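Close look at the chain arrangement
Letter by letter, the chains look like this.
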Amino acid sequence: MENNKFDKNHNLITMSKLILFWCLFLFLMFCETTIAQNYRNAKAYINDFGKNELFMKESLMEYSTSIIDASPDARVQNTLERIYTKLEDINVNLLKNDIGVSGDFDLRDSFIKLNNKTITLLKNKSLKLNDYRVQSGLDYSEIFKNFAYKESEIAKYYSEILAYETAKRDFGIKYKIVIRSFNKRNVFEYDAYQNLIFYKLNVLDDKLIQLFKYRNSDDIQECINFMTSVAEESLIKTDIYKDDFVDKSLNDINIEFINFMLTQNETLLPLYQQYVSVYEDFQKIKTKFLETNEVIKVEDYNNEVRRYNDVKNRFFDSLYENQIKKAELLKRWYTTNSDFLKRNIEFEDLYEKFTNLD
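Below: a short report on this structure. Counting starts from 1 at the beginning of each chain's written sequence and moves along it residue by residue. In view of the model being predicted, local features appear only for residues whose pLDDT reaches at least 70, and side-chain atom pairs are presented and counted only at 80 or more, with totals across whole chains, interfaces and linings using the full set of residues. Hydrogen atoms and water are omitted, and side-chain values are computed over all heavy atoms in the structure.

1. Details of the overall build of the chain
Looking only at helices and strands, the chain has 11 helices and zero strands in total. The secondary structure listing takes helices from DSSP runs of H or I that are at least 4 residues long and strands from runs of E that are at least 2 residues long, numbered from the N terminus. Across the chain, helices and strands are ordered from the amino to the carboxyl terminus as α-α-α-α-α-α-α-α-α-α-α. With residues, only the protein chains shown are counted as cover, and all accessible areas are computed by Shrake-Rupley using a 1.4 Å probe. Accessible surface computed for the chain: about 17700 Å², of which carbon and sulfur atoms make up 51%.

2. Points about the nonpolar core
Soluble globular proteins tend to bury their nonpolar side chains together. Core analysis: the biggest nonpolar cluster contains 81 residues, and Phe171, Phe212, Ile220, Tyr275 and Phe315 have the highest contact counts within it. At the level of elements, helix H3 (42-68), helix H4 (73-97), helix H5 (106-124), helix H7 (140-175), helix H8 (187-211), helix H9 (217-241), helix H10 (249-292) and helix H11 (298-344) are the ones that each hand at least two residues to this core. Leaving out residues up to four positions away in the same chain, Phe212 has contacts with Ile220, Leu268, Tyr272, Phe315 and Leu319. Throughout this description, the term nonpolar core refers to a set of buried Ala, Val, Leu, Ile, Met, Phe, Trp, Tyr and Cys residues connected via side-chain atoms within 4.5 Å. Classification of residues uses two cut-offs on accessible area relative to the type maximum, computed with a 1.4 Å probe and protein chains only: under 20% is buried, over 50% is exposed, and between them is partly exposed. Note on definitions: a residue-residue contact is assigned when non-hydrogen atoms from the two residues lie within 4.5 Å.

3. A look at the pattern of salt bridges
Any carboxyl oxygen of Asp or Glu that lies within 4 Å of a side-chain nitrogen of Lys or Arg is treated as forming a salt bridge with it. As enumerated under the stated definition, the model contains 19 salt bridges in all. Here Lys237 ties to Glu233 by a salt bridge, and the two come within 3.0 Å at their closest N and O atoms. Here Lys237 pairs with Glu233, and both are found in helix H9, just four residues apart, close to one helical turn. Residue classification places Lys237 among the buried positions, given a relative accessible area of 15%. Here Glu233 falls in the partly exposed class, since its relative accessible area comes to 37%. With its nearest N and O atoms 2.9 Å apart, the salt bridge here joins Arg343 to Asp247. Of this pair, Arg343 sits in helix H11 while Asp247 sits in the loop between H9 and H10, placing them 96 residues apart in sequence. Given a relative accessible area of 49%, Arg343 falls into the partly exposed group. Take Asp247: its relative accessible area is 17%, and that puts it in the buried class. What you see here is one network of salt bridges that share partners, running through Glu151, Lys200, Glu233 and Lys237.

4. A few points about the packing of H7 against H9
Interaxial angles span 0 to 180 degrees and are taken between N-to-C directions of axes, which are lines fitted to C-alpha atoms, for helices over the stretch in contact. Between H7 and H9, the least distance of the axes is 12 Å, while the angle of their chain directions is 15°. One element, H7, and the other, H9, form an angle in the roughly parallel class. At the point where H7 passes H9, the crossing takes the right-handed sense. The residues of H9 that touch H7, namely those facing Tyr140, Phe144 and Glu151, are Asp219, Glu222, Cys223, Phe226, Val230 and Lys237. Our angle categories are set so that under 35 degrees counts as roughly parallel, over 145 as roughly antiparallel, 65 to 115 as roughly perpendicular, and the remainder as oblique. Note: crossing handedness is left-handed where the near helix turns anticlockwise from the far helix by less than a right angle, and right-handed where it turns clockwise.

5. Some thoughts on the packing of aromatic side chains
Each pair of aromatic rings taken from Phe, Tyr and Trp, with Trp reduced to its six-membered ring, is defined by centres within 6.5 Å and is described as stacked if the planes are under 30 degrees apart, edge-to-face if over 60, and tilted in the remaining cases. Taken as a whole and judged by the stated rule, the model has 27 aromatic pairs. Aromatic pair Tyr275 and Phe315: ring centres 5.7 Å apart, planes at 5°, arrangement stacked. On the criterion of sequence distance, the pair formed by Tyr275 in helix H10 and Phe315 in helix H11 is long-range, its members being 40 residues apart. Accessibility assignment for this pair places Tyr275 and Phe315 in one class, buried. With a centroid separation of 4.9 Å and an interplanar angle of 65°, the aromatic rings of Phe315 and Phe316 are classed as edge-to-face. Pair check on accessibility: Phe315 and Phe316 agree, each one buried. A ring is considered to have a charge above it if a Lys NZ or an Arg CZ atom is located within 6 Å of its centre and within 35 degrees of its normal. When the ring centre of Tyr140 is taken as origin, the NZ or CZ atom of Lys207, which lies over that ring, is 5.1 Å away. Over the aromatic face of Tyr279 sits the side chain of Arg215, whose NZ or CZ is 3.8 Å from the ring centroid.

Right under this line is the structure:
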């Protein structure tokens, strides 16, 4: 029964569902083309892209709000499906109706490439960051392979976004139009990498909690060694990220979370090892008695029972208390992540105008 007390707390890790997808989708304010027309000049053409970005902002705002407010999975999924269906329609319309500027299709093709990458990621869910239980059930080689894959996909996706922004800039240079674009890490990419730190530790922690149900010190030590390695690597990354934004709240809560995990393992490991050792000793006494039928003093036997129960209870009580504290920290992490995004995404100003010219 004591195992069930801390299992339910681990299920609190739900509010970050598809949070990385949100970070990705919000970039897709590069949106639907209008019907084919003969543009009188490059500026008229580029401004249609701006109008389309504004057009998509409302639907993306709806999606982001559903994530921040922890909407039911069904609503989030429905919004997700509407978005990638819209992206597919956009690409069809672009290929059919976008005639470019004097045969120049570079901007259109770059946008289609970005859309295709986004559609692929949405459909195959390769960047899903809430599947802790599924991932934790894999072998360590597969777990770390998936970690590397997700990190690689994040990097590739943001490279595609920067490629599109470069295409916008180059279009502007070619036609002497100043076009708004970014060329450095932005709030969405930053949030994606911070979420990945959180995700990795939660996967390994889920594996550790499941292993605690069994009495195998070697397995626990192995998992803790992997967690320590990931935690130390994560602390290095948070040190790199600390100056990316004036708002350091998300970086700070990740540092707190990492240190919590390190302290958790340092505290629980010796208690667990003692519990396993006493359990094994107690089983030997019982086995010896049953095999040899030796008479054991009731007082001696009761002392062994009390010793075993005391050690066992100290471990499971500590584990339960730890899980309560962890649940509270996770709630604060979700709130901090949500508030960070709300503070640092200026929806009213972002893409107010596609160009800096009237």
